[in-house]
Amino acid sequence: MATTLAPGNLLVVFLGVVIGTVIGVLPGLGPTASIALLLPATVGMDMISSLIFLAGIYYGAMYGGSTTSILVNIPGEAASVITCIDGYQMARQGRAGAALGIAAFGSFIGGTLGVVAVMLISPFLAEAALKFGAPEMFALLFFAFTCIGTLVGKSVARGLLMAALGLLLGVVGTDDIHGVDRFTFGTLYLRDGIGLVPLAMGLFGLGEIFYNIEQREKTGSVLAVPKNLLPTRKDWKESFGSILRGSGLGFGIGVLPGGMPAVASLMSYAVEKRVSKRPERFGTGAIEGVAGPETANNAATAGGFVPLLTLGIPTNSVLALLLAALMLHGVTPGPLLLLKWPHVFWGVIASMYVGNIMLLILNLPLIGIFVQLLRIPYAILSPLIIMFVLLGAYALNNSIADVFMTLFFGVLGYLLRRFAFEPAPLVLAFVLGPMMEVNLSKALIMFGTGNPLYFFTRPISGVLLTLALALLSFPLVRGLAKKLSPKA
Amino acid sequence: MNRVDRGVGVAALLGGVLLAIAGWRLDPGTSKLPGPGFFPLLIACTMSGLGVWLLLRPGSEEKSVSPESSRWSAFAIALASILGYTMVLNELGYLVSTFALLVVQLRWVETQRWSTSFWTAAIASAVSLVVFRVLLKVPLPAGFFPLPKGW
């Protein structure tokens, strides 16, 4: 806590959450692209400062995203898409204050409860993970891979294909085990492999901008920010259960690989509608439709730190970049993090508490100022974002090749968006792929028999692989059952 | 069947086959002692399998994009200008090439007025040069434009 409360780090948390809120408010630049953009700038910072700065951007963006959903009916980032439904309706009915207020308090409660859970669960999980050998690690990564492929996006086949593409991109470069160049096409640049930052900036930054240029949508008018943002006693009564459910559900989803905050908010909305005594109110301005999802996406944000910090497994693309940030500073996240670098672990946890408090204190009085940002025309903002993305790509290694790579992935990101393919599994598999390969090779050499069924002779790897196979076969079984069932 | 799924399915299947050939050439080793081509070969099998899955599964309704909402020419200009930017950045320098990129983006992609485009581009490129090159010490290419001493 003392590390986080040092004046320098408090300033870093403050900057992180403010930048995050601005990113969340502005449509067109999500947290992934922004963190990728700012990652090179954190190289000069010390390890803890850079991590709490980037983490601050992440949860700040989750807070900020709701503002535009409620006041303009445009989600600032993916996790706030669902908030548009009831949040905007509430604003149109003159209840914008209650919607914004409950979104902020829900986010605070969800975020804080999530951090408490991270603090309580992580040490136990890290201790258990210390017993993991190569077969268990491979099984865990394979399970993560299938979760990412099957849970993210609308179609399992498309999700898995994106994940496979991510694995392929991850093998480009000199093979760590055998020292052989793979898919480098004889270029020196590709020997080091494809960089995560150009890939993320291209897919999420340029790709999004290209899509917006081609498919320009008319933006709605910004509704006025009310003076009173405090929810009434009735609002609290209606939202209390939603906030508690959203916290639990969001955290649980956040811990799962592929459990992005956007998935958490979507599922929370579905749960709230199902448990409501008057589900017909949903879509017409039900406060539970704002409270639940907004709480859930912040709880999921916190939940994602459990597998990242204890197992070294990022569950979404933002956390993949945080993993890269840790590795830039020579820290390998995983079970040993708590033993070798306890100050990093607890520093991040403490910064999340402080960041959540800062966001609540800052966001409610400053919503009016943040909303003014929406008055900057997107036509001006878009070229400036392009400039920063290209600048960020160049600044990474002072190399034009990185800019070309960013552009390449920008076009790919645009095509994926255009044809409804989700890029997140690609990024996650790209990060997990090399770890998967190393652990698979080690495990097979360790077994010495060449029989992959040996994975099932070890309890942990057996259970994880069985779960993964069940997850993979679920869509096939469902499709078969549909075919066999008599038509109604 | 969804046309996109069909196209992507064919691409995944072909890509998988090509990748399998490449993986084989890299030496897959054995399952007792995997070689550098082992993992690429596994990815190739996964990709081909998924390609077949996409080709065989019943397609869902394809979401059509109305031609009125599409701004293909703006997208093409944006893409071409960024490609041009990456090619001339080292020769022309950061200031001139960024200014030119922003003018093109603002004037022809975003259809802003000439004066808005010019001034926004000039201010943004100059401010970003000062912030990144002078304050953050990022060695942005200077090009032929004379910069003050110490920059």
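From a predicted model like this one, the values you see are computed outputs, not experimental measurements. (Residues numbered from 1 in each chain as written. Chains lettered and ligands numbered in written order. Predicted model: local features only at pLDDT ≥ 70, side-chain atom pairs only at ≥ 80, totals over all residues.)

Trainee: Help me understand the overall build of chain A, please; the structure alone is not making it clear to me.
Mentor: Of regular secondary structure, chain A possesses 20 helices and two strands. A compact globule built from 488 residues should have a C-alpha radius of gyration of about 23 Å, and chain A, at 22 Å, falls within 12% of that. Overall, the C-alpha framework of chain A stretches about 70 × 60 × 50 Å when taken along its three principal axes. Burial statistics for chain A: of 488 residues in total, 60% are counted as buried. (Helix = DSSP H or I, 4+ residues; strand = E, 2+ residues; numbered from the N terminus. Rg over C-alpha atoms; globule rule 2.2 N^0.38 Å. Buried ≥ 20, exposed ≤ 12 C-beta atoms within 10 Å, placed from the backbone.)

Trainee: Can you help me understand the environment of V12 of chain A in this one?
Mentor: Residue and element names in this part refer to chain A. Structurally, V12 can be placed in helix 2 (residues 7-25). A tally of 24 C-beta atoms within 10 Å means that V12 is categorised as buried. Spatially, the C-alpha atoms of V12 and L444 are 45 Å apart, while their sequence positions differ by 432 residues.

Trainee: Sorry, what's going on with the packing of helix 4 (residues 47-71) of chain A against helix 12 (residues 288-303) of chain A here?
Mentor: Describing two packed helices takes the angle between their axes plus the distance from one axis to the other. All names here are of chain A. Running from N to C, helix 4 and helix 12 point in directions that differ by 170°, and their axes come no closer than 10 Å. Between helix 4 and helix 12, the crossing angle belongs to the class labelled roughly antiparallel. Contact with helix 4, carried on its side by Y58, Y59, M62 and S66, involves E294, N297, N298 and T301 of helix 12 and no other residues of that element. Here the contact of helix 4 with helix 12 is composed, by residue class, of three nonpolar, four polar and one charged. (Axes fitted to C-alpha atoms, helices over the stretch in contact; angles between N-to-C directions. Parallel < 35°, antiparallel > 145°, perpendicular 65-115°, else oblique. Contact = placed C-beta atoms within 7 Å. Nonpolar A, V, L, I, M, F, W, Y, C, P; charged D, E, K, R; others polar.)

Trainee: For this particular structure, what's the right way to read the interface of chain A and chain B?
Mentor: If you look at the interface, chain A gives 44 residues, while chain B gives 50 residues. Mapped onto the side of chain A that touches chain B, the elements with two or more residues apiece are helix 8 (156-171), helix 9 (196-214), helix 17 (378-397), helix 18 (400-418) and helix 19 (424-447) of chain A. Here the element with the most residues in the side of chain A that touches chain B is helix 17 of chain A; it accounts for 10 residues. Classifying every residue of the side of chain A that touches chain B by side-chain character gives 31 nonpolar, eight polar and five charged.

Trainee: Where do I start with the nonpolar core in this structure?
Mentor: Judged by nonpolar contacts, the single largest core of 202 residues is most densely connected at A200 and L322 of chain A. Broken down by element, the residue count for this core peaks at 16 residues, all from helix 6 (residues 96-129) of chain A. Per-domain counts for this core show at least three residues from each of domain 1 (3-56) and domain 2 (71-135) of chain B. Residues contacting L322 of chain A, with those up to four places away along its chain left out, are L51, L54, A55 and L308 of chain A. (Core = buried A, V, L, I, M, F, W, Y, C linked by C-beta atoms within 7 Å. Domains from an automatic or database assignment.)

Trainee: Mind showing me how you'd approach the domain arrangement of chain B here?
Mentor: When the parts of a complex come together, some accessible area is lost, and that lost area is often used as the size of the interface. Split into domains, chain B comes out as domain 1 (3-56) and domain 2 (71-135). For domain 1 of chain B versus domain 2 of chain B, the separation of C-alpha centres amounts to 41 Å.

Trainee: Explain the confidence of the model for chain B to me, please; I cannot follow it from the model alone.
Mentor: Detailed reading of predicted coordinates is not advised where the pLDDT is low. The pLDDT averaged across chain B works out to 87; a share of 90% of its residues lies at or above 70. The ipTM for the predicted assembly is 0.91, set against a pTM of 0.84. (pLDDT = per-residue confidence, 0-100.)

Trainee: Explain helix 18 of chain A to me, please; I cannot follow it from the model alone.
Mentor: Each α-helix turn comprises 3.6 residues. Residues three or four places apart therefore point the same way. Between its first and last C-alpha, helix 18 of chain A extends 27 Å over 19 residues, near the 27 Å set by a 1.5 Å rise per residue. All buried positions along helix 18 of chain A are accounted for by D402, V403, M405, T406, L407, F409, G410, L412, G413, Y414, L416 and R417 of chain A. Check the buried side of helix 18 of chain A and you find it contacts helix 9 and helix 17 of chain A together with helix 3 (72-92) of chain B. Backbone geometry just downstream of helix 18 of chain A places A420 of chain A in the positive-phi region, at approximately 60°. (Expected span 1.5 Å × (residues − 1).)

Trainee: Help me out: how do you make sense of unusual backbone geometry in this one?
Mentor: Phi is mostly negative for residues that are not glycine, and the peptide bonds are mostly trans. Residue and element names in this part refer to chain A. One non-glycine residue, N398, lies in the positive phi region at around 50°. Tracing the backbone shows N398 in the loop between helix 17 and helix 18. Although it is not a glycine, A420 adopts a positive phi angle of roughly 60°. Tracing the backbone through its elements, the reader meets A420 in the loop between helix 18 and helix 19.

Trainee: Teacher, can you tell me more about the environment of G106 of chain A here?
Mentor: All names here are of chain A. In this fold, G106 is placed in helix 6. According to the C-beta neighbour criterion, G106 is buried, with 29 such atoms within 10 Å. Distance in space between the C-alpha atoms of G106 and A163 is 33 Å, their sequence separation being 57 residues. Residues contacting G106, with those up to four places away along its chain left out, are S239, I243, G246, A291, E294 and T295.

Trainee: How do you make sense of the packing of helix 9 of chain A against helix 17 of chain A when you look at a structure like this?
Mentor: Residue and element names in this part refer to chain A. Relative orientation of the contacting elements helix 9 and helix 17 amounts to 165°, with a least axis distance of 10 Å. The orientation of helix 9 relative to helix 17 falls into the category roughly antiparallel. The two elements helix 9 and helix 17 cross, and the hand of that crossing is left-handed. Contacts between helix 9 and helix 17 involve V197, P198, M201, G205, L206, I209, N212 and I213 from the former and S382, I385, I386, V389, G392, A393 and L396 from the latter. Residues of the contact of helix 9 with helix 17, tallied by class, amount to 11 nonpolar, four polar and no charged. (Left-handed = near helix turned anticlockwise from the far one by under 90°.)

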